[in-house]
Amino acid sequence: MAELLSAAQMRAIEAAAIGTGTVTGLELMERAGRGVVDAVLARWPALADEPRRAVVLCGPGNNGGDGFVIARLLVQEHGWQVDLSLLGDPGRLPPDAAANHTRWCGIGPCHPLTDRSLGTVDAPPDLVFDALFGTGLARGVDGDAGFLLGNLEMLRADFGVRCVAVDIPSGLCSDTGRDLGNCPAVDLTVSFHAEKRGHRLSEGPGFCGHVTVADIGLPHDGRSHGSAAPVWLAEAPTAELLAKSPAGHKYDHGHALVMTGGPGHTGAARLAARAALRVGAGLVTLAVPPEAQAEVAGQITALMMLPLRDADALTDLLWDTRLNALCLGPGLGLDARARSLVEAVLPLRRAAVLDADALSLFRGDPAALFDLLHPDCVLTPHGGEFARLFPDLAGKMDAPGYSRIDAVRDAARRAGCVVLLKGPDTVIATPGGDCAVHSARYDRAAPWLATAGAGDVLAGLICGLIARGLPAAAAAETAAWLHVETALAIGPGLIAEDLPEALPAVLAAIGA
Ligand SMILES: NC(=O)C1=CN([C@@H]2O[C@H](COP(=O)(O)OP(=O)(O)OC[C@H]3O[C@@H](n4cnc5c(N)ncnc54)[C@H](OP(=O)(O)O)[C@@H]3O)[C@@H](O)[C@H]2O)[C@@H](O)CC1
Ligand SMILES: [K+]
């Protein structure tokens, strides 16, 4: 699985490799610069047909150092014409960047960066390399550098100039994916060793264009990250994870119980239940208030149904330990009955997915919910629900350096269970700090998934997978991937009802 690195982890990996004596910082910088040039020519092979003109904007740190390498390689190995400008005093460059500045100065001029460093609109360059700031960006970019970054947008739109970000577009926080000020949207971002969190989180993907990772020869052994626990990019589940044993019977695959709301409010739970069944739970039962029975009975076939009057009846029902995964929240309602169901169920410590109303019920009193939760629970808030349960953490998400990853990790620790914060950058964390990001951006962008009922389907998928025996966090990650994959399989026009129906083809493609 691919890791998403913080800036501190990347620095720790680099320092550890240099510390072993197997590589120097200067060698890493050379590989980084070469990696960018190779990635550009791989992306746009026609650029190699004839010498081109490039502008390279270098910053005061090692990101700028990469820029000097790129400029040198373009001139010496490809015969390009390069205009290079440096922000800041060359005498204050860090050692490896300074060494590459010296090498560049033997080849071409290093202009001080001004508001004219992009050249004139009469003769725009073919490419601009943004090597101003990388993982060392500490604040928004202002002054001439900010002005130039703002102009990149216009050069791309009006003159077709291709813009390439070295490591990360300057202005984008590599830990949070937030624009700290004047971040340009580029065509191609070439990162090093592994993607940084900012490439995947929040606004980041909107700025990065196409992202590619250049291998600069650092080890992927996961031992040299510093103290912080890794964050993984969620990937496709394996066939083994989702396949069913040929010898099994339906009770081997669990029995999910999904609570509905009252009359006129049963659709969300029915969607969740159908998703749970489609993803392979052996049996799925809807627990329905008696007055809604007729409505539900007319809508279901393979799903089962039980009348459920109140919390006492639910407690009695759960003497049947074959009911091994619960889903509460979709359409459940915000009344006293709904709250009593949640409060009755959680002390029994049965695995449970809490979504939608089951979360909103505790707005203003989230501690009452946290007291009841246990590690086999999964909370699946969207941004608004997250802010109701964790107002302080949601507020901090605007603070510098505090990302959705930090917020969800803190939330999971506080809640004592798995938390999945929904979005195009879904973050899943456990109370112990394990964390995965499911990214529905770039080639997995699924904008049609933002539709009524899609969240109910996700809750049902998680519940169904837990019923099948997956641990809560693995169920959440797998469900997030399947949810987006089914959306991609359906494409434009999808509505939530389609999602469970598209699962068989998706499962077949995985080989389950
Ligand atoms: N790690 C690795 O393995 C490898 C890393 N490599 C490369 O190194 C890059 C990281 O280099 P880096 O740490 O020197 O940071 P970088 O982004 O160049 O900027 C730091 C400088 O900018 C300044 N500054 C910050 N914000 C500012 C602002 N808004 N406006 C103005 N100034 C601002 C800051 O000043 P200060 O905040 O200290 O005042 C400092 O002087 C990384 O992204 C990759 O490209 C590769 O070579 C290969 C291997
Ligand atoms: K950059």
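Residues numbered from 1 in each chain as written. Chains lettered and ligands numbered in written order. Predicted model: local features only at pLDDT ≥ 70, side-chain atom pairs only at ≥ 80, totals over all residues. Heavy atoms only, no water.

**Section: a nonpolar patch on the surface**
A contiguous nonpolar surface patch, about 230 Å² in accessible area, is contributed by Val121, Met154 and Phe159. Looking at the secondary structure, you find valine 121 in the loop between strand 3 (110-112) and strand 4 (127-131). Given a relative accessible area of 45%, valine 121 falls into the partly exposed group. (Patch = residues over 30% accessible without salt bridge, like charges linked within 9 Å, V, L, I, M, F, W, Y side chains within 5 Å. Areas by Shrake-Rupley, 256 points an atom, 1.4 Å probe, with all protein chains shown as cover. Salt bridge = Lys/Arg side-chain N within 4 Å of Asp/Glu carboxyl O. Helix = DSSP H or I, 4+ residues; strand = E, 2+ residues; numbered from the N terminus. Buried < 20%, exposed > 50% of the residue type's maximum accessible area, 1.4 Å probe, protein only.)

**Let's talk about the sheet that holds strand 7 (residues 210-214)**
Read across the sheet, 7 strands follow the order 3-2-1-4-5-6-7 without closing on themselves; strand pairing throughout is parallel. Lying at the two open borders of the sheet, with one neighbouring strand each, are strand 3 and strand 7. Averaged over all adjacent pairs, the angle separating strand axes in this sheet is 25 degrees, with direction ignored. Here strand 4 pairs with strand 5 (residues 162-166) via 4 bridges, running parallel. Pairing of valine 128 across the sheet is with cysteine 163, part of strand 5. In the packing of helix 2 (residues 25-43) onto the sheet, the strands contacted are strand 4, strand 5, strand 6 (188-192) and strand 7, and the crossing angle to strand 6 comes to about 145 degrees. Most of the contacts of helix 3 (residues 62-78) go to strand 2 (residues 81-86), to which it runs at about 160 degrees, and overall it touches strand 1 (53-58), strand 2, strand 3, strand 4, strand 5 and strand 6. (Pairing = 2+ DSSP bridges. Axes fitted to C-alpha atoms, helices over the stretch in contact; angles between N-to-C directions. Contact = heavy atoms within 4.5 Å.)

**Notes on the site of ligand 1**
Taken together, 22 residues lie near ligand 1, and Asn63, Asp66, Gly134, Arg139 and Asp167 sit nearest. Contact distances for ligand 1 include 2.6 Å between an oxygen atom and a side-chain N or O atom of aspartate 66. At 2.9 Å from an oxygen atom of ligand 1 is found a main-chain nitrogen or oxygen belonging to threonine 135. Using a 2 Å cut-off from the grid points, one finds that ligand 1 occupies the largest pocket. (Near = heavy atom within 4 Å. Polar contact = N/O pair within 3.5 Å; in protein donor to acceptor, adjacent residues only side chain to side chain. 1 Å grid on protein atoms, 1.4 Å probe; cavity = no way out; pocket = protein on both sides within 12 Å on 5 of 7 lines; lining within 4 Å. Sits in = over half its atoms within 2 Å of the grid points.)

**Considerations on the coordination of the potassium ion (ligand 2)**
Taken together, Asn63 (OD1), Asp130 (O), Phe133 (O), Val166 (O), Ile168 (O) and Ser170 (OG) make up the full set of protein donors to the potassium ion (ligand 2), lying 2.6 to 3.1 Å away. For the potassium ion (ligand 2), the 6 donor atoms in the first shell make angles of 66 to 171 degrees at the metal, a pattern classed as irregular. In terms of primary sequence, the donors binding the potassium ion (ligand 2) are separated according to N-x66-D-x2-F-x32-V-x1-I-x1-S. Linking phenylalanine 133 in the loop between strand 4 and helix 5 (143-159) with serine 170 in the loop between strand 5 and strand 6, this pair joins segments that are 37 residues apart in sequence. Note on accessibility: phenylalanine 133 and serine 170 belong to one class, buried. (Donors = N, O, S within 2.8 Å, 3.2 Å for Na, K, Ca; no water. Tetrahedral: all angles 85-135°; square planar, octahedral: opposite > 155°, others 65-115°.)

**A closer look at the nonpolar core**
Ranked by internal contacts, the top residues of the largest apolar core, which has 58 residues, are Val258, Val284, Leu286, Ile462, Leu465, Ile466 and Leu482. Excluding anything up to four places from it in sequence, leucine 482 contacts Pro237, Leu242, Val279, Leu465, Leu503, Val506, Leu507 and Ile510. By size, the runner-up hydrophobic cluster in this structure holds 52 residues, among which are Leu308, Leu346, Val408 and Ala412. (Core = buried A, V, L, I, M, F, W, Y, C linked by side-chain atoms within 4.5 Å.)

**Focus on the environment of proline 246**
Here proline 246 shows up in the loop between helix 7 (239-242) and strand 9 (255-259). Here proline 246 falls in the exposed class, since its relative accessible area comes to 87%.

**Notes on the domain arrangement of the chain**
Many descriptions give the size of an interface as the accessible area lost when the pieces come together. What the domain assignment lists for the chain is domain 1 (7-233) and domain 2 (251-510). Placing the centre of domain 1 and that of domain 2 at their C-alpha centroids yields a distance of 41 Å. Every contact between the two is made by 19 residues of domain 1 and, on the other side, 19 residues of domain 2. The contact between domain 1 and domain 2 buries some 1,500 Å² in all, and 53% of this surface belongs to carbon and sulfur atoms. By the criterion of area lost to domain 2, the three top residues of domain 1 are Arg178, Arg200 and Leu201, representing 35% of everything that side buries. One can count 0 salt bridges joining domain 1 with domain 2. Taken together, the links from domain 1 to domain 2 amount to 10 residue pairs in polar contact (both at pLDDT 80 or more). The set of elements that each furnish at least two residues to the side of domain 1 that touches domain 2 consists of helix 6 (204-208) and strand 8 (231-233). (Domains from an automatic or database assignment. Buried area = accessible area lost by both parts, 1.4 Å probe.)

**Remarks on helix 16 (residues 404-415)**
The first and last C-alpha atoms of helix 16 sit 16 Å apart over 12 residues, in line with the 16 Å expected at 1.5 Å per residue. Those residues of helix 16 lying buried are Arg404, Ile405, Ala407, Val408, Arg409, Ala411, Ala412 and Ala415. The N-capping residue of helix 16, defined by a side-chain oxygen 3.1 Å from the backbone nitrogen of isoleucine 405, is serine 403. Downstream of helix 16 by one or two residues, glycine 416 has phi in the positive range, about 75 degrees. (Expected span 1.5 Å × (residues − 1).)

**Re the pattern of salt bridges**
Taken as a whole, this structure holds 17 salt bridges when the rule is applied. For the salt bridge of glutamate 343 with arginine 339, the shortest nitrogen-to-oxygen distance reads 2.8 Å. Within this pair, glutamate 343 and its partner arginine 339 are both found in helix 11 (residues 336-345), separated by 4 residues, close to a single helical turn. A relative accessible area of 23% places arginine 339 in the partly exposed class.

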